Amino acid sequence: MAKSKKIIKHKNTPKVGKPPGSLIYLGPKKDVPISIKVIEYNQESFQESAPDSFTSDIKIQQEGKFTWIDVTGLHDIKLIENIGKAVNIHSLTLEDLLNVNQRPKIDIFHTYIYIVIQLLKFDEDHNTVESEQLSIILGSNYVITFLESPSDIFEVLKTRMRNHTGKIRNSSADYLAYAILDVVVDDYYDVIEKIGERIEAFEEILMLHPHKMQIQEIYSLKRELLQLRKAVWPIREIITKLDKDDTDIIKEKTTLYLRDLYDHSIQIIETAEIYRDLTSGLVDMYMSSTSHKLNEIIKVLTILSSIFIPLTFIAGVYGMNFKYMPELEWHYGYYLCLAAMGILAIMMIFYFKIKKWI
Amino acid sequence: MAKSKKIIKHKNTPKVGKPPGSLIYLGPKKDVPISIKVIEYNQESFQESAPDSFTSDIKIQQEGKFTWIDVTGLHDIKLIENIGKAVNIHSLTLEDLLNVNQRPKIDIFHTYIYIVIQLLKFDEDHNTVESEQLSIILGSNYVITFLESPSDIFEVLKTRMRNHTGKIRNSSADYLAYAILDVVVDDYYDVIEKIGERIEAFEEILMLHPHKMQIQEIYSLKRELLQLRKAVWPIREIITKLDKDDTDIIKEKTTLYLRDLYDHSIQIIETAEIYRDLTSGLVDMYMSSTSHKLNEIIKVLTILSSIFIPLTFIAGVYGMNFKYMPELEWHYGYYLCLAAMGILAIMMIFYFKIKKWI
Amino acid sequence: MAKSKKIIKHKNTPKVGKPPGSLIYLGPKKDVPISIKVIEYNQESFQESAPDSFTSDIKIQQEGKFTWIDVTGLHDIKLIENIGKAVNIHSLTLEDLLNVNQRPKIDIFHTYIYIVIQLLKFDEDHNTVESEQLSIILGSNYVITFLESPSDIFEVLKTRMRNHTGKIRNSSADYLAYAILDVVVDDYYDVIEKIGERIEAFEEILMLHPHKMQIQEIYSLKRELLQLRKAVWPIREIITKLDKDDTDIIKEKTTLYLRDLYDHSIQIIETAEIYRDLTSGLVDMYMSSTSHKLNEIIKVLTILSSIFIPLTFIAGVYGMNFKYMPELEWHYGYYLCLAAMGILAIMMIFYFKIKKWI
Amino acid sequence: MAKSKKIIKHKNTPKVGKPPGSLIYLGPKKDVPISIKVIEYNQESFQESAPDSFTSDIKIQQEGKFTWIDVTGLHDIKLIENIGKAVNIHSLTLEDLLNVNQRPKIDIFHTYIYIVIQLLKFDEDHNTVESEQLSIILGSNYVITFLESPSDIFEVLKTRMRNHTGKIRNSSADYLAYAILDVVVDDYYDVIEKIGERIEAFEEILMLHPHKMQIQEIYSLKRELLQLRKAVWPIREIITKLDKDDTDIIKEKTTLYLRDLYDHSIQIIETAEIYRDLTSGLVDMYMSSTSHKLNEIIKVLTILSSIFIPLTFIAGVYGMNFKYMPELEWHYGYYLCLAAMGILAIMMIFYFKIKKWI
Amino acid sequence: MAKSKKIIKHKNTPKVGKPPGSLIYLGPKKDVPISIKVIEYNQESFQESAPDSFTSDIKIQQEGKFTWIDVTGLHDIKLIENIGKAVNIHSLTLEDLLNVNQRPKIDIFHTYIYIVIQLLKFDEDHNTVESEQLSIILGSNYVITFLESPSDIFEVLKTRMRNHTGKIRNSSADYLAYAILDVVVDDYYDVIEKIGERIEAFEEILMLHPHKMQIQEIYSLKRELLQLRKAVWPIREIITKLDKDDTDIIKEKTTLYLRDLYDHSIQIIETAEIYRDLTSGLVDMYMSSTSHKLNEIIKVLTILSSIFIPLTFIAGVYGMNFKYMPELEWHYGYYLCLAAMGILAIMMIFYFKIKKWI
């Protein structure tokens, strides 16, 4: 059964009553270990380090090198503030990246671009879509990513960078940001495919084995599709704005890749819409299957009753105690009566055969 | 049970037949005490006062200071007119702020901006969303707010201003207006979360304990969501117009915060839409749960009838009074008859087992 | 019961086959008395007259004075033509004002503006929305209104003008046109509120006393809402075009009032949409209430059958006429049998208690 | 019963695999007689002729005269080609007018405007909307119309032209084209009114006499509405493009009439949408009426069973053959038993009265 | 029965985790034979060849000649790369044409236009729409097409070119690309017509012979329509972009044909939408047909029970063993009793006749 708790994974509770502009982490994951991974790369070199804390030793904006700082865990406000100061980030951005309930969005500032996006994973045990907020700060030669809890989603990128495959090492920071968005959107394909598989499974099973709980599972599929759409829909805007931004952060070469990403997000949204239409078809199928079952049950009741009620009436008649009932005296009265009953029963059965009920 | 009265909280009755331009308060709250609170503030100073009436002593437009006049209670027309004269407000604006049935909107005049917005509260006792109209008049160095009845919604702002936390004291009047809009929109999150909790509660309970009144409660949730959307939807326009206005009242620094508010209102609308889609899923679940229950009841009827109707028929046959019924004379006739009945019953039960009805 | 006749009040029958451009009145109200009321006004003076016919004595375009000609009854083609000639009105406009099946619209000509709008009244006896076409011709210093049948809708305006309250006397003809539109739209509020009251009444009664005819009444509410929307929807366009017109007929001062009217029409449309959504919820409630009632009925049948069918079977067994039935000989056989029946009945009742059917 | 064949009247089969640009008539009406009617007219003169074939004698573009060539029957490719050559028509246009499955559209060429539109007729016998394609080629001083099969739709126009009523004779060719479009759109009113009448008929009858076949008839109404919309919807575009074209073919005077036509097509579309919404209400009504009938039937069953099952049980008890059954010996035992049965029956009836089942 | 597997024919699995920019074929058809067909043509000459591999002998960009390279089978990466190098194709395009899960789209590069489109075939055995990706690369004097598996769809074009019918040989490469798109879209008509035929078949059969599996088949029709729409919808964009592109690849003469193609895709989309609306009507019909059948069954049960239950009760009464039952002693008691039963039965039947149940 689908676990039905928590429609909106992170409760939509921004800091009611808190002054706008104060830094507080509001997410649920306050006990994950904080980790900072610093990657400095260019075409020739690649250095990884994992410092315990963010100190001024970490140089973000270096000549001729690109830096990717990958932060996991958001509850250390001090750390976030230090990073914010180091690359001169607006307080609203810092606030947004701590408020893990953001709608995916893009804010373009003079010196950096701030992107919020949802990481989605299909949790097969509970049939729910788990989401997590990923914040990307993209400067002209650095990328900083903030995740709430540890994830191996970036591992594939790092491996590529280490092995110098793909184009990341040969390109500037904006391509790295694109590559990050690309792996995130790739995961959406995974989610929608899982949902698609479940819908296909329902198509097979609904007509043959309708079950009370299936309607709830269809409902939860629909809910997950709505949530998926809510996460993917704004990506179109994000990419459109990236495409049209007039900072020099996004290079022209990268926009071609962004358009590809745009096509992917459209494809995901369209597929989600098709699946949503199909779930309503599943409900129809379930309803029709249930009502078919009801018909079957009532048919059995009706056939049995129709056969035996008249027979029982005949038996009742000859069970009456009137003094003068000539049939009772007949020698073959009993057998004639049984024969009449048999003929009546056969006629009823024949009638139901004609009506195609049997 | 949800109290089902009053779909549109304040009846939509503008002054039918009254000349446009005459000042009449049409809301239901004519007996709340009128209160005026005057706050004068800048970075250095903060003064609060609560005069009994609005006299010419109250200076609204002072050099180097910002003034917030917080009026509660709208039925004193004279007071409203005096304030209107003091800051030169158009008669249509005065009319609008007394007509508490306004759709949220913004009117940009040369010297001030007029914003109408709905305060929403989820009334947990009646499961309804209570709304109240808040009018904000924003000039270059003053903010005037008009509320129908006393509320503590601004208390948090005043505390921040007293303690000089947050940015209000350091900023101009437009930031105060933004901060007011921000606390109002924060309350919407609260409302939508309450509705979300109720939907989750329904998901849990509908399949297991369907009840006649639940469909009415789902209906009232849907109604409240529609009302919420009606209140939030125009906020997008309001902020877009604030953003693009060409008066000098809104400073460039504040527009960044407005865009944040815009994102919040989009998020609320999207969540409301998801919830609305889900309520229709709840109706499906209720319907399916009811029809499942019907199936169960009819199954019991059918099984019992199917078992006993043939048996009763057999008993009826041997209750007949024919003279010549050889079985009746048999010594073990009775036991044979009972055995035959038992076998028939077992066969029926077996048949229902195969059909998976039992 | 709602009278279900006539979905579209005035049948949509423009003059099929008639040449475009010929003047024919096609409405149903050919026997109402024709009346012409002429009002000449400015800030200082106010004159009312009711001439029998339209003669050249009636001066429409006078220097320093505004004229309002209020015509009731459209079947005197000659009269319409005379008025048309007097103020130089295009033949298409004359045709449109006689064709009482117009969609609300605005046509802006060089010397006048032509507005068609629907007067709506909720007929509480038949639960239908009655509509009537109002044509307004607005010139630079005159307003001519054409109504199909007598109505007191303008009385309130005339009283205000007589008493010199409100702004009409102090303003130019475009303000009068606005004031006319304003009283018309005010009536829409009345209609939508009546529909809202009926929806609320249904919410109360549907669950408790579902009745076959209610579904038809909900259907007719939906139909009236669709019709209301059809009448109100084009008003947005009308006002937008008035706002942007480049004739000098609409003064800048009046546009502010028009925007207010625009807000009102949006509010009516939004409320109508909410009500439309709610009517589909009412259908759900009705359906669920009916199926609940069905469940109740079948439960009664099942419980009674389940209790008595086995008992009747037992009675049948001991009504058999086998020679050797030892129980029949027992002295307390009868009482034991009754006791067994009682216990069986109690067990069945207990079972239904556990199943929560009773 | 509605004849349910052929959703899309003319099968959508453009010439699969045929090279684009070859002239083939693909419609079903290959045996209608070909007819050519030539009308030459101006303000002073009017000449009609019906030549057997299209020869070079027929002058289309004459100084000071307008020509209308009205062709019926499309299967004579040679004829079409000759006309095409005579007025220099693009091969794509010729192809389009032979392919009778076109969506209504407009193509504006340098020397002529090509309009495709659907003639609709409501076939009352089969309750279907019959469509036929009308092609109009409008040059600066000629109009050529192509119809698949004979129709009297243009008769009214020709009569007007003969009698010199209306404006056609006084206007240029574009007004004639407008007048043709006008009679076509007038027929749409007829179709939608017929559909409206059927919907009203259903409203009356559905609740009282629900019948299995009605749902199919509602379905076919919906189908016809969808088809109507498909035919009318593109007319808005057509008129918009006519309005904005920069050829000199459409005179400014005519655009005013076109706008009127535009309003009519909007009104038809809106009414079709309302009717479509209402058909879904009809389905609700049918469903509710059916389930009401089911409730009634089951109520009868339940009431009868509830009354007689307990009585039959009592009769069964006193039909038992126990030796010692004291009641059987009582002198008034039988009458007491009957009385008890009567009281029980009255109590059951009373219970159903309270439950309002009877 | 419709085979219900695979909603989205090609699973939407782009290369999760693969670096963007690496060439891998991900489709299912890895064992089809690779074939290359090279056609060089102009007005005078036409040469076909089918080389085993792509060598530098194949000249794509020749003066005065157009070349069409028709590649079938995508799993030979080397081949694709060679072609890519020969005409200087961007790596993203190569990637896209190997990734057979693309949404239809157009990418306009400086020297070529890349179009992805879906070939659709209705598989009548499984009632599914089979799709295959067609990539078209259009340069100023060449067209390269890539198909996953062998198909005879282009045969008709090649025949026309061989026989020098149609306009392809007389036109430039862009007309060939148009002709290719045209045959693809022609196939969509075929698919939608097949779906339309199935819907018509359902209309005929649903009311008369409702069957459990039909709801599943309607569901699969809906799914195929959604898929069709997903394939056709983007074609509008593709053509719009082709129309507006500012490369010199598309000649002005061809845009006229493109607009025709645009009209066709609109017509397909509109028809698909109508069919989608109709499928929901089919579900209504099925549901109503099922519930009608239920009513019929229950009516039989009720009529039979209503007639025999009272009769059986009477028989039971006279089967009681009370000592003093005067009726039992009457000489004609038995016959009177039978007569009374007969009259009762006739009355019940009469009652049902009045109720129109029989």
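For the structure itself, consult the block above.
Residues numbered from 1 in each chain as written. Chains lettered and ligands numbered in written order. Predicted model: local features only at pLDDT ≥ 70, side-chain atom pairs only at ≥ 80, totals over all residues. Heavy atoms only, no water.

Let's talk about the overall build of chain A
Alright, step 1. Across its full length, chain A holds eight helices and seven strands.
Alright, step 2. Viewed in the frame of its principal axes, chain A has a C-alpha envelope of about 120 × 45 × 35 Å.
Alright, step 3. Going through the 358 residues of chain A one by one, you find that 62% of them count as buried.
Alright, step 4. Put simply, of all contacts in chain A between residues at least 6 apart along the chain, 69% involve residues at least 24 apart.
Alright, step 5. Surface summary for chain A: the accessible area is close to 13,900 Å², and the carbon and sulfur share equals 56%. (Helix = DSSP H or I, 4+ residues; strand = E, 2+ residues; numbered from the N terminus. Buried < 20%, exposed > 50% of the residue type's maximum accessible area, 1.4 Å probe, protein only. Contact = heavy atoms within 4.5 Å. Areas by Shrake-Rupley, 256 points an atom, 1.4 Å probe, with all protein chains shown as cover.)

Digging into the relation of the copies chain A and chain E
Both copies of the chain are tied together by a single rotation about an axis and a shift running along it.
Alright, step 1. The two copies are related by a screw motion: chain A maps onto chain E through a turn of 72° and a shift of 0.1 Å along the axis, at an RMSD of 0.1 Å. Expressed as an axis order, the relation between the two copies is that of a five-fold axis. When each C-alpha of chain A is compared by its distance to the rotation axis, Gly-319 of chain A comes out closest, at 4.6 Å.
Alright, step 2. Comparing contact sets, just 16% of the residues at the interface of chain A also lie at the interface in chain E, consistent with a heterologous contact between different surfaces. (Least-squares fit on C-alpha atoms with pLDDT ≥ 70 in both.)

Thoughts on the sheet that holds strand S6 (residues 128-139) of chain E
All names here are of chain E.
Alright, step 1. A sheet is described by the order of its strands in space; here seven strands give the open sequence S2-S1-S3-S7-S6-S5-S4, paired in mixed fashion. Only two strands of the sheet have a single partner each, and these edge strands are strand S2 (46-49) and strand S4 (105-108). Geometrically, the sheet is characterised by an average inter-axis angle of 15° between neighbouring strands, direction not taken into account.
Alright, step 2. One ladder, built from seven bridges, connects strand S1 (residues 35-41) with strand S3 (residues 66-72); its direction is antiparallel. The partner of Ile-39 across the bridge, within S3, is Trp-68.
Alright, step 3. Against the sheet, helix H4 (residues 173-206) makes contact with S1, S3, strand S5 (112-123), S6 and strand S7 (142-147), and its axis sits at roughly 25° relative to S5, the strand it touches most. (Pairing = 2+ DSSP bridges. Axes fitted to C-alpha atoms, helices over the stretch in contact; angles between N-to-C directions.)

Structural notes on the relation of the copies chain A and chain B
Alright, step 1. Taken as rigid bodies, chain A and chain B are interconverted by a rotation of 72° and an axial shift of 0.0 Å, the fit giving an RMSD of 0.1 Å.
Alright, step 2. Residue by residue, only 15% of the interface of chain A is reproduced at the interface of chain B, so the copies engage with different surfaces.

As for unusual backbone geometry
All names here are of chain D.
Alright, step 1. For His-164, which is not a glycine, the phi torsion comes out positive at approximately 55°.
Alright, step 2. With respect to the secondary-structure elements, His-164 resides in the loop between helix H3 (155-163) and helix H4 (173-206).
Alright, step 3. Even without being a glycine, Lys-356 presents a positive backbone phi close to 60°.
Alright, step 4. Among the secondary structure elements, Lys-356 is positioned in the segment after helix H8 (333-354).

Side note on the environment of Val-283 of chain E
Alright, step 1. Note that Val-283 of chain E resides in helix H6 (residues 252-317).
Alright, step 2. Separated by 114 residues in sequence, Val-283 of chain E and Arg-169 of chain E have C-alpha atoms that sit 50 Å apart.
Alright, step 3. Discounting residues that sit within four places of it in the chain, Val-283 of chain E has contacts with Asp-284 of chain A together with Ile-215 and Ile-218 of chain E.

A look at the pattern of salt bridges
Note that side chains of opposite charge can pair when their charged atoms are close.
Alright, step 1. Tallying each qualifying case throughout the model produces 110 salt bridges over all chains.
Alright, step 2. Notably, a salt bridge pairs Lys-121 of chain D with Asp-187 of chain D, separated by 3.0 Å at the nearest N-O pair. In this pair, Lys-121 of chain D is assigned in strand S5 (residues 112-123) and Asp-187 of chain D in helix H4, connecting sequence segments 66 residues apart.
Alright, step 3. What makes Lys-121 of chain D partly exposed here is its relative accessible area of 45%.
Alright, step 4. A single network of salt bridges, built from pairs that share partners, joins Asp-96, Lys-105 and Asp-107 of chain A together with Asp-260 and Asp-263 of chain B. (Salt bridge = Lys/Arg side-chain N within 4 Å of Asp/Glu carboxyl O.)

So, the interface of chain A and chain B
Alright, step 1. The interface of chain A with chain B comprises 67 residues on the first partner and 65 residues on the second.
Alright, step 2. Carbon and sulfur atoms supply 64% of the area buried between chain A and chain B, which totals about 6,100 Å² over both sides.
Alright, step 3. Glu-203 of chain B is the partner of Arg-223 of chain A in a salt bridge, and the nearest nitrogen-oxygen pair spans 2.6 Å.
Alright, step 4. At the boundary of chain A with chain B, the tally comes to 19 residue pairs in polar contact (both at pLDDT 80 or more).
Alright, step 5. Contributing elements (two or more residues each) for the side of chain A that touches chain B: helix H2 (91-98), helix H5 (214-244), helix H6 (252-317), helix H7 (326-329) and helix H8 (333-354) of chain A.
Alright, step 6. Ranked by residue count, the leading element in the side of chain A that touches chain B is H6 of chain A, at 19 residues. (Buried area = accessible area lost by both parts, 1.4 Å probe. Polar contact = N/O pair within 3.5 Å; in protein donor to acceptor, adjacent residues only side chain to side chain.)

Notes on the packing of H6 of chain A against helix H6 (residues 252-317) of chain B
Between two packed helices, the angle of one axis relative to the other and the distance separating the axes together describe the packing.
Alright, step 1. It is the contact of H6 of chain A with H6 of chain B, at a shortest axis distance of 9 Å, that shows an interaxial angle of 20°. Comparing the axis directions of H6 of chain A and H6 of chain B gives the class roughly parallel. Of the two possible hands of crossing, H6 of chain A and H6 of chain B adopt the one that is left-handed.
Alright, step 2. Classifying every residue of the contact of H6 of chain A with H6 of chain B by side-chain character gives 20 nonpolar, 10 polar and five charged. (Parallel < 35°, antiparallel > 145°, perpendicular 65-115°, else oblique. Left-handed = near helix turned anticlockwise from the far one by under 90°. Nonpolar A, V, L, I, M, F, W, Y, C, P; charged D, E, K, R; others polar.)

As for helix H5 (residues 214-244) of chain D
Alright, step 1. Over its 31 residues, H5 of chain D runs 46 Å from end to end, which matches the ideal 45 Å to within 8%, given 1.5 Å per residue.
Alright, step 2. Judged by how many residues are buried, H5 of chain D sits mostly within the fold: 23 of 31 residues are covered. (Expected span 1.5 Å × (residues − 1).)

Concerning the packing of aromatic side chains
Alright, step 1. Taken as a whole, this structure holds 65 aromatic pairs over all chains when the rule is applied.
Alright, step 2. Between Tyr-334 of chain C and Phe-322 of chain D, the ring centres sit 6.4 Å apart and the planes meet at 50°, which makes this aromatic pair tilted. Here the residue Tyr-334 of chain C occupies a position in helix H8 (residues 333-354), and Phe-322 of chain D occupies one in the loop between helix H6 (252-317) and helix H7 (326-329), the pair thus bridging two chains.
Alright, step 3. Judged by its relative accessible area of 1%, Tyr-334 of chain C is buried.
Alright, step 4. Look at Phe-322 of chain D and you get buried, because its relative accessible area is 5%.
Alright, step 5. Here Phe-352 of chain C and Trp-357 of chain C contribute two aromatic rings whose centre-to-centre distance is 5.4 Å and whose plane-to-plane angle is 15°, an arrangement assigned as stacked. Taken as a pair, Phe-352 of chain C and Trp-357 of chain C share a single burial class, namely buried.
Alright, step 6. Of note, Lys-158 of chain C hangs over the ring of Trp-68 of chain C, and the distance from its end group to the ring centre comes to 5.4 Å. (Phe/Tyr/Trp six-rings, centres within 6.5 Å; stacked < 30°, edge-to-face > 60°. Lys NZ or Arg CZ within 6 Å of the ring centre and 35° of its normal.)

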